[in-house]
Amino acid sequence: MYLSRFLSLHALWVTVSSVMQHYPSVWGHYDVCKTQIYTEEGKVWDYMACQPEARDMIKYVRVTLDPPDITCGDPPETFCAMGNPYMCNNECDASTQELAHPPELMFDLEGRHPSTFWQSTTWKDYPKPLHVNITLSWNKTIELTDNIVITFESGRPDQMILEKSLDYGRTWQPYQYYATDCLDAFHMDPKSVRDLSQHTVLEIICTEEYSTGYMTNSKIIHFEIKDRFAFFAGPRLHNMASLYGQLDTTKKLRDFFTITDLRIRLLRPATGEIYVDEQHLARYFYAISDIRVYGRCKCNLHATGCKEENKRLLCECEHNTTGPDCGKCKKNYQGRPWSPGSYLPIPKGTANICIPSISSIGTNVCDNELLHCQNGGTCINNVRCQCPPAYTGILCEKLKCERDPGGCSQSSTQGAISHSPLLLLMALLGAARLHMC
């Protein structure tokens with residue numbers, strides 16, 4: 001009897017699992033663009049918003065330095081030890097592999113023991129400023145998903161600016177200022193991300209947390225992405241549905257975490273004291289051993305994959321879209337203007353697929369293979385979609401509330417979520433209970 005009940009429950013679980021697999025957890029990874037479902041009309045495609053998994057974006061970066069000859073070693077020069085700034089017999093020599101510190105050593109995964117790093121020339125031209133611009137380029141739009149982390153081997157700089165570009169380096173805007181004295185360096189009061197809130201999350205701040213000169217145990221600088229996410233998703237990022245909803249409805253917030261390029265502007269090396277020791281200028285330089293940037297290719301919620309082709313990242317577009325960011329409709333699929341996918345309603349989002357041009361489909365507006373009515377709509381004689389009350393559009397792809405002056409509130413979008421999996425689960429549990437009785 002117990003075996004029979006166990007087998008019945010197992011069968012129930014298998015059935016429920018097969019139904020529920022198409023409904024992501026409530027915060028959603030959006031890792032599926034479409035799936036086949038069964039309706040009264042047979043097997044049809046169900047489309048949903050989708051995005052690539054986050055990855056280590058440093059694997060695909062191109063780095064440039066300005067000035068280009070700022071790397072140490074040509075000609076060879078001596079510099080002071082990092083742990084002892086008065087032991088100045090270390091050598092940088094670009095012609096000798098063991099003594100060279102080229103830019104690519106900012107990113108190497110398994111460097112020489114004990115560590116490898118890029119290093120600038122020393123401040124031998126003091127009092128002329130020692131300025132270095134390090135530009136990281138991807139030739140692709142990237143959405144940041146984790147903190148940017150820069151590890152210095154020289155002591156963290158007294159003054160630094162992290163900048164971003166959204167147009168492939170044509171224009172730049174500050175991300176964050178770093179200084180030992182924010183008021184003196186940038187005429188800004190010092191702040192930390194903990195001083196921000198949902199309403200001020202886009203504020204550009206100057207922080208003194210990461211600018212403590214020659215301290216061997218203090219090498220890391222952060223640009224805090226996750227702490228900003230936490231204002232919407234909670235301290236442990238458990239409520240990602242809230243964050244996705246904000247990203248979906250607030251373009252400035254979404255753009256804040258989006259980049260094509262990063263620029264690290266090093267303005268003053270670590271000095272560790274009030275004045276510069278002009279008798280020991282070999283103490284002052286920049287050295288970076290690691291830079292970490294995690295994110296995903298921006299594909300406008302129309303792809304789950306991003307591939308490298310001819311040293312360029314390209315989205316593997318679905319939903320009848322094309323382009324490096326899936327930013328336009330394919331030829332003959334311009335039946336309505338292109339639109340990005342939407343995270344809402346949670347958990348599947350809205351695919352906003354490109355539909356065939358009227359000239360290419362004749363009178364067939366929908367069918368059971370390619371042009372399935374979205375969000376629970378029903379295809380009537382291949383001529384029109386009969387939409388649920390909350391949706392409208394040729395393929396039921398739009399929320400009606402989007403036309404309202406107030407837009408789509410959280411409650412209105414939640415009301416549009418289908419509860420059919422829950423109803424099916426309840427029905428299956430009831431049937432199992434009757435069977436076991």
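About the cut-offs
- Residue indices follow the written sequence of each chain, beginning from 1 at its first position.
- Residues qualify for local features only when their pLDDT is at least 70, as the model is predicted, and side-chain atom pairs are given and counted only at 80 or more; totals for whole chains, interfaces and linings, by contrast, use all residues.
- Note that water and hydrogens are dropped before the side-chain values are worked out from all heavy atoms of the structure.
- Helix and strand definitions follow DSSP, with helices as H or I runs of at least four residues and strands as E runs of at least two, each counted in order from the N terminus.
- Only protein chains enter the area calculation, which uses a 1.4 Å probe; residues under 20% of their type maximum are buried, those over 50% are exposed, and those in between are partly exposed.
- Here, two residues are considered to be in contact whenever any of their heavy atoms come within 4.5 Å of each other.
- We call a pair of cysteine sulfur atoms a disulfide when they lie within 2.5 Å.
- For Phe, Tyr and Trp, where Trp contributes only its six-membered ring, two rings pair if their centres lie within 6.5 Å, and the inter-plane angle classes them as stacked under 30 degrees, edge-to-face over 60, or tilted in between.
- Residues belong to a common nonpolar core when they are buried Ala, Val, Leu, Ile, Met, Phe, Trp, Tyr or Cys residues joined through side-chain atoms within 4.5 Å.

Peer 1: Give a detailed account of the overall build of the protein chain, specifying residues and quantitative values.
Peer 2: Each helix and strand counted, the protein chain has eight helices and 24 strands in total. Residues classed as buried in the protein chain amount to 46% of the 437 residues present. Restricting to contacts in the protein chain with at least 6 residues of sequence separation, those with at least 24 account for 64%.

Peer 1: Could you give an account of the state of the cysteines, with specific residues and numbers?
Peer 2: Tallied over the entire structure, the rule returns eleven disulfides. Through a disulfide, Cys317 is tied to Cys326; the S-S separation comes to 2.2 Å. With the S-S bond torsion at -100°, the cross-link from Cys317 to Cys326 turns out left-handed. The buried category is assigned to Cys326, whose relative accessible area is 0%.

Peer 1: Give a description of the packing of aromatic side chains that names residues and reports values.
Peer 2: Think of a pair of aromatic rings as described by two things: how far the centres are apart, and how the planes are tilted against each other in angle. Within the structure shown, the criterion is met by 13 aromatic pairs. Ring geometry for Phe79 versus Phe285: centroids 5.3 Å apart, planes at 70°, classification edge-to-face. Highlighted residues: Phe79 in strand E5 (residues 77-79) and Phe285 in the loop between strand E14 (258-268) and strand E15 (287-292), separated in sequence by 206 residues. Their ring planes at 85° and their centres at 4.8 Å tell us that Trp123 and Tyr126 sit as a pair that is edge-to-face. Residue classification places Trp123 among the buried positions, given a relative accessible area of 4%.

Peer 1: Which residues make up helix H4 (residues 240-249), and what values go with them?
Peer 2: Given 3.6 residues to a turn, an α-helix orients residues that are three or four positions apart in the same direction. Along H4, the positions that sit buried rather than exposed are Met240, Ala241, Leu243, Tyr244, Gly245 and Leu247. Tucked inside the fold, the buried residues of H4 contact helix H3 (226-233) and helix H5 (251-256).

Peer 1: Run through the nonpolar core, naming residues and quoting values.
Peer 2: Grouped together as the largest cluster of nonpolar side chains are 63 residues, with contacts concentrated most on Trp118, Ile134 and Ile291. Top element by residues in this core is strand E8 (residues 132-144). It accounts for six residues. Apart from the residues lying within four places of it in its own chain, the contact partners of Ile291 are Ile58, Met106, Phe107, Leu136, Val149, Ile150 and Ile264. With 14 residues, the next largest nonpolar core counts Ala351, Cys379, Cys396 and Leu399 among its residues.

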